[in-house]
Amino acid sequence: MSETGRNPIDFPMALLAELTHRCPLQCPYCSNPVELEQAGRELDTGTWLRVIEEAAELGALQIHFSGGEPTVRKDLEEMVARARDVGLYSNLITAGVLLDEDRVGRLVDSGLDHVQLSFQDSEATGAERIGGYPDAQKKKLRFAGWVRAAGLPLTLNLVVHRQNLDHLPQLIELAVELGAQRAEIAHVQYYGWAFRNRAALMPTREQLERATATVEEARERLKGRLVLDYVVPDYYARRPKSCMGGWGRRFLNVSPAGKVLPCHAAETITGLRFDSVTERSLADIWQHSEAFEIYRGTDWMPEPCRSCERREIDWGGCRCQAFAITGEAGATDPACALSPFHDQLVALAEADSGADCRDFVYRRFANVVRRNTPMPAK
Ligand code: SF4
Ligand code: FES
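Not measured: the values here are computed from a predicted model.

**Things to note about the UniProt feature "binding site: [4Fe-4S] cluster" (unreviewed entry) in the protein**
UniProt's feature table lists "binding site: [4Fe-4S] cluster" (unreviewed entry) at C23, C27 and C30, given in the numbering used throughout. The topology assignment puts C27 in the loop between β1 (14-18) and α1 (45-58). When near neighbours in sequence (up to four residues on either side) are disregarded, C27 contacts Q120, I130, G131 and R363. Considering the arrangement of structural elements, one finds C30 in the loop between β1 and α1. In this structure C30 comes out as buried when scored by relative accessible area, which is 14%.

**Observations regarding the site of ligand 1**
Surrounding ligand 1, one finds R239, P240, P304, C305, C308, R310, R311, D314, G316, T332, C336 and L338. For the shell around ligand 1, the class distribution of residues is six nonpolar, two polar and four charged.

**Thoughts on the sheet that holds strand β8 (residues 251-254)**
A sheet is described by the order of its strands in space; here nine strands give the open sequence β7-β6-β5-β4-β3-β2-β1-β8-β9, paired in mixed fashion. Edge positions in the sheet fall to β7 (227-231) and β9 (260-261), since each of these pairs with one other strand and no more. Both strand β4 (residues 114-119) and strand β5 (residues 154-160) contribute to a ladder of five bridges, which runs parallel. Each residue of the ladder has a partner; that of V115, found in β5, is L154.

**Brief notes about the side chain of D314**
Considering the arrangement of structural elements, one finds D314 in the loop between α11 (290-293) and α12 (319-326). Engagement of the side chain of D314 in a polar contact is seen with the backbone nitrogen of G316, the distance being 2.7 Å. The contact partners of D314, leaving out residues within four places of it in the chain, are P240, K241, S242 and C243.

**Focus: the nonpolar core**
The biggest cluster of nonpolar side chains holds 83 residues, and the ones touching the most others in it are F65, L154, L156, I185, V254 and L282. Element by element, the count of residues in this core is highest for α1, at six residues. What L156 contacts, discounting residues up to four positions off in sequence, is L117, F119, L174, A175, L178, A180, R182, A183 and E184.

**Describing the side chain of Q137**
One can find Q137 in helix α5 (residues 136-149). Taking relative accessible area as the criterion, Q137 reaches 5% and is therefore assigned buried. A polar atom in the side chain of Q137 sits 3.3 Å from the backbone oxygen of S122. Residues in contact with Q137, not counting those within four places in the same chain, are F119, D121, S122, E123, A124, A127 and E128.

**A short note on unusual backbone geometry**
Cis geometry marks the peptide bond from G67 to G68; its omega dihedral reads 15°. Residue position: G68 is located in the loop between β2 (62-66) and α2 (76-85). Residue P304 is bonded to the preceding E303 through a cis peptide linkage, with omega at 5°. Turning to its location among the elements, P304 is positioned in the loop between α11 and α12. Even without a glycine there, the phi angle at D135 is positive, about 70°.

**Concerning the packing of aromatic side chains**
Considering all chains together, one arrives at five aromatic pairs under this definition. A ring pair is formed by Y190 and Y235, whose centres lie 5.3 Å apart and whose planes are at 65°; its orientation type is edge-to-face. Residue Y190 is found in the loop between β6 (182-187) and α7 (192-196), and its partner Y235 is found in the loop between β7 and β8; the two are separated by 45 residues along the sequence. The same class applies to Y190 and to Y235, which are both buried. Ring geometry for Y295 and W300: centres 5.4 Å apart, planes at 80°, overall edge-to-face. With relative accessibility at 12%, the residue Y295 sits in the buried group. What links up through ring pairs into an aromatic cluster is the set W247, Y295 and W300. If you follow R196 out to its NZ or CZ, it ends over the ring of W193, 5.6 Å from the centre.

**Points about the pattern of salt bridges**
As enumerated under the stated definition, the model contains 24 salt bridges in all. We note a salt bridge from D135 to K138, for which the minimum N-O separation is 3.8 Å. Among the ionic pairs, D352 bridges to R198, the shortest N-O distance being 2.5 Å. Pair noted here: D352 is in helix α13 (residues 342-353) and R198 is in helix α8 (residues 198-201), with a separation of 154 residues, a long-range link. A single burial state applies to D352 and to R198, both of which are buried. Through salt bridges that share partners, R22, E42, R73 and D75 make up one connected network.

Conventions and cut-offs
Just so you know, the residues in each chain are numbered from 1, in the order the chain's sequence is written. Here the convention is simple: chains get letters from A, ligands get numbers from 1, in the order in which they are written. Given that this is a predicted model, residues contribute local features only at a pLDDT of at least 70 and side-chain atom pairs are listed and counted only at 80 or more, while totals for whole chains, interfaces and linings are drawn from all residues. Heavy atoms from the whole structure form the basis of all side-chain values; hydrogens and water molecules are not counted. UniProt positions are given in the numbering used here, feature names are shortened, and annotations may be inferred rather than shown by experiment. Counting from the N terminus, the helices are DSSP H or I runs at least four residues long and the strands are E runs at least two residues long. Whether two residues are in contact is decided by their heavy atoms: any pair within 4.5 Å suffices. For the exposure calls, accessible area comes from a 1.4 Å probe over protein chains only, and a residue counts as buried if that area is under 20% of its type's maximum, exposed if over 50%, partly exposed in between. Any residue with a heavy atom lying within 4 Å of a molecule or strand is counted as near it. Note on residue categories: nonpolar means Ala, Val, Leu, Ile, Met, Phe, Trp, Tyr, Cys or Pro, charged means Asp, Glu, Lys or Arg, and polar means any other residue, Gly included. Paired strands, as defined in this entry, are two strands with at least two bridges between them according to DSSP. In the analysis that follows, any N or O atom pair within 3.5 Å is treated as a polar contact, provided that within protein one partner can donate a hydrogen and the other can accept it, and provided that, for residues neighboring in sequence, both atoms belong to side chains. Residue types Ala, Val, Leu, Ile, Met, Phe, Trp, Tyr and Cys, when buried and joined through side-chain atoms within 4.5 Å, form a set referred to as a nonpolar core. Aromatic pairing here means that ring centres of Phe, Tyr or Trp (its six-membered ring) are within 6.5 Å. Orientation follows from the plane angle: under 30 degrees is stacked, over 60 is edge-to-face, and everything else is tilted. For a Lys NZ or an Arg CZ to count as sitting over a ring, it must be within 6 Å of the ring centre and within 35 degrees of the ring normal. Any Lys or Arg side-chain nitrogen found within 4 Å of a carboxyl oxygen on Asp or Glu counts as a salt bridge.

This is the structure:
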C-alpha cells in the first residue's frame, strides 16, 4: 500500500477478450450487457492481434477468449496463435455447439491451452430450454469428447439457479464422466440479463444449503480426480466476494467493439466512460483510464468499508451489484451485512425465490419472453 491508500498497480493477471456478442444460445443470466453489440461494430482481426500483443507487453499471463460465442469468429485460430507466440496461456470459453472435430484440431495446432465448456443442465430438456437452443446437449457432449481426445484440459462451467440446482449431483457426475479436471459451479450473479430474470432464477435458501452440502461431499469424494470451484450467491451472503479480485487490480476486459472494462459487467454502471483500444494503448488505459482509477484501491471507499479490516480482502465487494441495488456504484456492496442496504437485498432474495415465475427473458438482440415453459424434471 502507498501512503495514499492506492495500491500499486503493476500488471493485470489476465485479459478477457470478448470477441463478439453473437451467440447461438440465449441464456437468461448471460453476463453480456443488455444492449448487445452488433457484429458490424466488432474489432477487426488486426486490432485484436495488436491488443493481444499489448496485453503480453503489459505483463498479463493469460488470455480468455470469450463472447458471446468466440468460435463464431473465423479468425479465432489466428488470435490463439498470436497468444501462443507472445507467451500467453490461452483459454477458450465456449458453449461448444458450433465446432466440428477439424476445428478443434486447428485450434490445438494454433496453440490453444485449455477449454471451458458451459452446461446449462444435466439433461437435454432442461439444458435446451434454459439455453434456448435445440440439440445443444448432444453437441456439447460430442465436443467435450473431441477436446479430451485432443489432450486439452477441460473445465465445465456450471451456472446454477433455482431451475437447475436440484440437478447439481448429476452435473458433478457429468463432469466426472467427461473427464474434466475442474468444474466451476457458480450461482448466478444478478446484473444485466440475470437482474431482469431474478424472479425466475433466484434459488431458495433450502436449495442453497443442499447445494453447498453437495459440493462439500463431492469435494471430499472426488479429491485428486476433480477440482470443484464454488461461487455462492451474494444475496444470501454475510460478506461479499472480492469481485474481480478488486476493481482494476487483476483483470481487464475488452468488449467486442474495443471498450476496455475493469469487469465484464461494468457497462451496467451507467455514467462510467470507457476508453477504447482504437484510441489508446492497453497500457495507457490500464494505468490511467478514469473508469479503472475511480474504484481502484481503497481511497474511494465510504464507511463502513473505509475503516473495515476486510477492505483489502474483498475491496468493498462488487461495484456492479452496489449500482444495481443502490444506484451508487461507490456504495458498499449490499451483500455485506454491514451495508445499510443488506436487509433490502435479503428481502429481495426471499421474495424472488418464492415467486411463481418460470418464464425467462431470453438474451437476444431483440428481447422476447417465452411463456408456459415447463420446469425441468427433478
Ligand atoms: Fe468488505 Fe466493506 Fe463489508 Fe468491510 S464493510 S466486509 S470492506 S464490504
Ligand atoms: Fe462488476 Fe462485480 S461484476 S465489479
